[in-house]
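Residues per chain, in single letters:
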Amino acid sequence: MPKILTVGAALIDIYLNSNDFLTIQHEGQDYLAQPIGSKMSLSERIVVSGGGATNCAVNFARLGNETSIVAEIGGDIFADQIITELKKDKIDLSLLIKESDETTGLSIILLNKIGERVALIDRSASGMLDSFDLPVQQINDFDWLHCTSLNGNLAAMNKVLELVRFKKMGFSWNPGTAELRDLAEHRLQLPDFFASNLFIVNKEEWAMIANKQSEVLDKFNFVVITDGANGGSVYNSNQKVLTYRADVVADKRIDDTGAGDAFGSTLVSFLLEGMNLEKSVTIAKKVAAHVTHFYGAKDGLIPRDELVS
């Protein structure tokens, strides 16, 4: 199996669910609003590790790949939880950056009784990964680099692209909004890649780079454009080769936030294994749908033997 390096964010997600959270409407927009000074009971609380780099690293590892992670965490108890969870899946943490004077990124998700949510995000260390944090020498040890959002750090993103080109590594990229904006506004230039590569965005993100779509289709072997419950499309060598429907998610659907990471990392893993595109997409969308039945991106991952049996 290939050795995979994931690059991106590592943080803690705290889900707070209360039947007492109120929803009001103002000028056509729904708001989660509470009376000042009010106290309310929580019906559920869940604390899990999150961030694209950890989500994808765990799935790659559970699918049988030797996996390492580059991400930045702080020196607090939240960092300890991230480390503990990653160790359970035998992920190599030698390239994980722990800054003792920083705080670990934190996301607090407030949910009302029907699952509507508001997210409060403090990226802290998770958004501080910089170009000098990327392991230039150790890159030779890996066959593939999977990059998620770098919180708009242009220098770091340029370094990633430089490394995968120079080292002739396989590369998959699920960019964040800031990276897409840099691409659309010509601050970020795509190199000519020398190895297999894959680009994954959702429909709204694809629209953000309308002026760069033809270049992306030219430079990436595979371009995947997802559309939530509607499914998505896959392009290969500048031609649409597959349109797929998403798996139906029953009433147990709880949390969509990890579905994209689950889909992308599963797809990459099985393509690297030599599975054909259609079957790889079928398995990836099954995992993505299952993840939405759980809080966070990891508890709903499906063991490899259940996917290929």
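The model shown is predicted, which means the values in this text are computed figures rather than measured ones.

Engineer: Is there a simple way to explain the overall build of the protein in this structure?
Structural biologist: Helix and strand counts for the protein stand at 9 helices and 16 strands. Taking 309 residues into account, the globule formula puts the C-alpha radius of gyration at 19 Å, and the protein, at 19 Å, falls close to it. Projecting the C-alpha coordinates of the protein onto the three principal axes gives extents of approximately 60 × 45 × 45 Å. Residues counted as buried form 52% of the 309 residues belonging to the protein. When contacts within the protein are restricted to residue pairs at least 6 apart in sequence, those whose partners lie at least 24 apart make up 70%. Total accessible area on the protein stands at roughly 14500 Å², and carbon and sulfur atoms take up 49% of it.

Engineer: Got a minute to help me understand helix α1 (residues 52–62) in this structure?
Structural biologist: Helical geometry note: an α-helix holds 3.6 residues per turn, so side chains three or four residues apart project in the same direction. Taking burial as the measure, the 11 residues of α1 include 10 buried ones, the bulk of the element. Residues G52, A53, T54, N55, C56, A57, V58, N59, F60 and A61 constitute the buried set of α1. Phi for G64, located one or two positions after α1, is positive at around 100°.

Engineer: When you look at the sheet that holds strand β10 (residues 117–122) in this model, what are you seeing that I'm missing?
Structural biologist: The pairing of strands in a sheet happens through backbone hydrogen bonds and is either parallel or antiparallel. On the basis of which strands lie adjacent, the open sheet formed by 4 strands has the order β5-β2-β9-β10 and mixed pairing. The strands lining the two open edges of the sheet, one partner per strand, are β5 (44–50) and β10. Each adjacent strand pair in this sheet contributes to an overall mean axis angle of 15°, direction not counted. Sheet topology note: the strand β2 (residues 11–17)/strand β9 (residues 105–111) ladder contains 7 bridges and is parallel. Counterpart to L16 in the pairing with β9 is L110. Of the strands in this sheet, β2, β5 and β9 are in contact with helix α2 (residues 77–88), which crosses β5 at around 70°.

Engineer: Can you walk me through the sheet that holds strand β13 (residues 197–202) in this structure?
Structural biologist: Taken in spatial order, the 8 strands make up an open sheet running β6-β1-β11-β12-β13-β14-β15-β16, and their pairing is mixed. Only two strands of the sheet have a single neighbouring strand rather than two, namely β6 (66–70) and β16 (239–244). This sheet shows a mean twist of 15° between the axes of neighbouring strands, independent of strand direction. Relative to strand β11 (residues 144–147), strand β1 (residues 3–7) is paired through 4 bridges, and the arrangement is parallel. Each residue of the ladder has a partner; that of T6, found in β11, is H146.

Engineer: Explain the pattern of salt bridges to me, please; I cannot follow it from the model alone.
Structural biologist: Side chains bearing opposite charge may pair, as long as their charged atoms lie close to each other. Using the criterion set out here, one finds 11 salt bridges in the structure. With its nearest N and O atoms 3.5 Å apart, the salt bridge here joins D192 to K219. One end of the pair, D192, is in the loop between α4 (177–184) and β13; the other, K219, is in helix α6 (residues 213–219), and 27 residues separate them in sequence. Since its relative accessible area comes to 47%, D192 is described here as partly exposed. Its relative accessible area of 22% is what places K219 among the partly exposed residues. Among the salt bridges present, the one from E215 reaches K212, with a minimum N-O distance of 3.1 Å. Salt bridges here are not isolated pairs; linked through shared partners, they connect D192, K212, E215 and K219.

Engineer: Even after reading the chapter, I still don't get the side chain of D133, so can you show me in this structure?
Structural biologist: By secondary structure assignment, the location of D133 is in the loop between β10 and β11. Among buried charged residues, D133 stands out as having no salt bridge; its nearest opposite-charge side chain is K159, 9.7 Å away. Those residues in contact with D133, other than ones at most four positions away along the chain, are V70, E72, I97 and M128.

The rules behind these values
Residues numbered from 1 in each chain as written. Predicted model: local features only at pLDDT ≥ 70, side-chain atom pairs only at ≥ 80, totals over all residues. Heavy atoms only, no water. Helix = DSSP H or I, 4+ residues; strand = E, 2+ residues; numbered from the N terminus. Rg over C-alpha atoms; globule rule 2.2 N^0.38 Å. Buried < 20%, exposed > 50% of the residue type's maximum accessible area, 1.4 Å probe, protein only. Contact = heavy atoms within 4.5 Å. Areas by Shrake-Rupley, 256 points an atom, 1.4 Å probe, with all protein chains shown as cover. Pairing = 2+ DSSP bridges. Axes fitted to C-alpha atoms, helices over the stretch in contact; angles between N-to-C directions. Salt bridge = Lys/Arg side-chain N within 4 Å of Asp/Glu carboxyl O. Lys, Arg positive; Asp, Glu negative; His and termini not counted.

Honestly, it's all geometry; don't read function into it.
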